[in-house]
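# A closer look at the structure
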Amino acid sequence: MRSAGAIVLLLSLWAGAASPALAQSPLDEEVNASTQVLREIMAVPLTCIPESLLREAKGIAIIPGMVKGGFIVGVRHGKGVLATRDGAGLWQAPVFITVTGGSVGAQAGLQAIDLVLVFKTRRGVDGILKGKLTIGADLAVAAGPVGRQASAATDVQLKAEILSYSRSRGLFAGVAIDGATMHIDHRANAEYYALRPGQVQPTLPASGVALAQLLTTYAPPPPGTGPAVVVAPKVMMPPPISPPDEHEAVRQQLVAAAERLQRVLDPAWQQYLALPAEVVTGQSLPAGGALEPCLQHYQIVASNARYRALSAHPEFQETNTLLHRYAALGQPRPAGTIALPPPPGR
């Protein structure tokens, strides 16, 4: 039998041997940010996730800085990691996930929140590892208790398979979340666990081992667990890279431009110039006519002298241009026509 201290030591040694001193990649930074969120949350005993819940947890998802935009009602997007236990109860290195949509409590305005999901059952973990999970539809979710509230959990919390928490402006608490879709980010996983220059076989990145080490500190494996050998999760290879999709490239530019525009608008204008949710998430093409109201709103602003201060603003002009370009690319091309860029001067 190995103690939690011995497991932590082994993980530390593994981390030191696993990755040479290299500049951190964006994926390493994402894992480190998740680790820091967990460390800061657990540092306040009165408002932390109860360790009794973590000890029983089968997995934990951490999404640092999940963007909640007031300009798109109910639409959120974030990237983070999911750490799970293996069959013996040992914490494994993380997999990368994305979370889109859903309603997170009653918070308002454009802000970023840290979202933490504690998976109480293996069914929940297996559901997301298969590729996709809709919180609240595939699995019951409830706002989790904090601090010493674990023993006073409500009936809803006891029955839920996922307990959700959020931290905004330094305040951490259980929060209602429903309707969010969680996906495995296969491309990020393949990149994170790929062979590095000079390596003969893959080794675990130090950032992933550090997260497993921290989780082991808060939630040790069951007594009698064997040697603490942390392994990388099974990562599916991404599909073959296809030629760039101009429509998707413009959509991403449009969403980024719209987000910059929202930062200079008041809430009423944020709602008026909102992009359709389908455009923001990119998970489905806008239904026929779905873009028309949005195009009309931008056209009204651009053609009315009362709104010249807005229509002359660079962020509005960029968003308006990309919106019309995105709409044009989405129009079906008549059969037999040649795919060409716009004529000169347009």
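Since we're looking at a predicted model, the values are computed, not measured.

Cut-offs and rules
- Residues numbered from 1 in each chain as written.
- Predicted model: local features only at pLDDT ≥ 70, side-chain atom pairs only at ≥ 80, totals over all residues.
- Heavy atoms only, no water.
- Helix = DSSP H or I, 4+ residues; strand = E, 2+ residues; numbered from the N terminus.
- Buried < 20%, exposed > 50% of the residue type's maximum accessible area, 1.4 Å probe, protein only.
- Contact = heavy atoms within 4.5 Å.
- Areas by Shrake-Rupley, 256 points an atom, 1.4 Å probe, with all protein chains shown as cover.
- Phe/Tyr/Trp six-rings, centres within 6.5 Å; stacked < 30°, edge-to-face > 60°.
- Core = buried A, V, L, I, M, F, W, Y, C linked by side-chain atoms within 4.5 Å.
- Expected span 1.5 Å × (residues − 1).

### A look at the overall build of the chain
Of the regular secondary structure elements, the chain holds 13 helices and eleven strands. When burial is assessed residue by residue, the chain has 43% of its 346 residues classed as buried. Of the contacts made within the chain by residues no fewer than 6 positions apart, 74% connect residues no fewer than 24 positions apart. Total accessible area on the chain stands at roughly 17,800 Å², and carbon and sulfur atoms take up 59% of it.

### Structural notes on the packing of aromatic side chains
A full pass over the atoms with the stated rule returns five aromatic pairs. Aromatic pair Tyr192 and Tyr193: ring centres 4.8 Å apart, planes at 80°, arrangement edge-to-face. Assigned by exposure class, Tyr192 and Tyr193 land together as buried. Through a chain of ring-to-ring contacts, the aromatic side chains of Phe96, Tyr192 and Tyr193 assemble into a single cluster.

### Side note on the nonpolar core
Grouped together as the largest cluster of nonpolar side chains are 35 residues, with contacts concentrated most on Leu38 and Ile60. When contributions to this core are tallied by element, the ones reaching two or more residues are helix H2 (26–42), strand E1 (59–68), strand E2 (76–84), strand E5 (111–119), strand E8 (162–168), helix H6 (186–192) and helix H7 (206–218). Discounting chain neighbours no more than four positions away, the residues touching Leu38 are Ile60, Ile62, Leu211, Leu214, Leu215 and Tyr218. In this structure, Leu261, Leu275, Val279 and Leu323 belong to the second largest nonpolar core, which totals 22 residues.

### Thoughts on H7
Between its terminal C-alpha atoms H7 stretches 19 Å, which fits the 18 Å expected from 13 residues at 1.5 Å a residue. For H7, every residue scored as buried is listed here: Ser207, Gly208, Val209, Leu211, Ala212, Leu214, Leu215, Thr216 and Tyr218.

### As for the environment of Gly124
Considering the arrangement of structural elements, one finds Gly124 in helix H4 (residues 122–129). The exposure class of Gly124 is buried, given its relative accessible area of 0%. Gly124 sits 37 residues away from Glu161 along the chain, and the two C-alpha atoms are 6.8 Å apart.

### Things to note about the environment of Ala61
Examined against the element boundaries, Ala61 turns out to sit in strand E1. Sequence separation of Ala61 and Val116 is 55 residues, and the distance between their C-alpha atoms is 5.6 Å. Not counting the four nearest positions on each side in its chain, Ala61 is found in contact with Val81, Leu82, Ile97, Leu115, Val116, Leu117, Phe119 and Met182.

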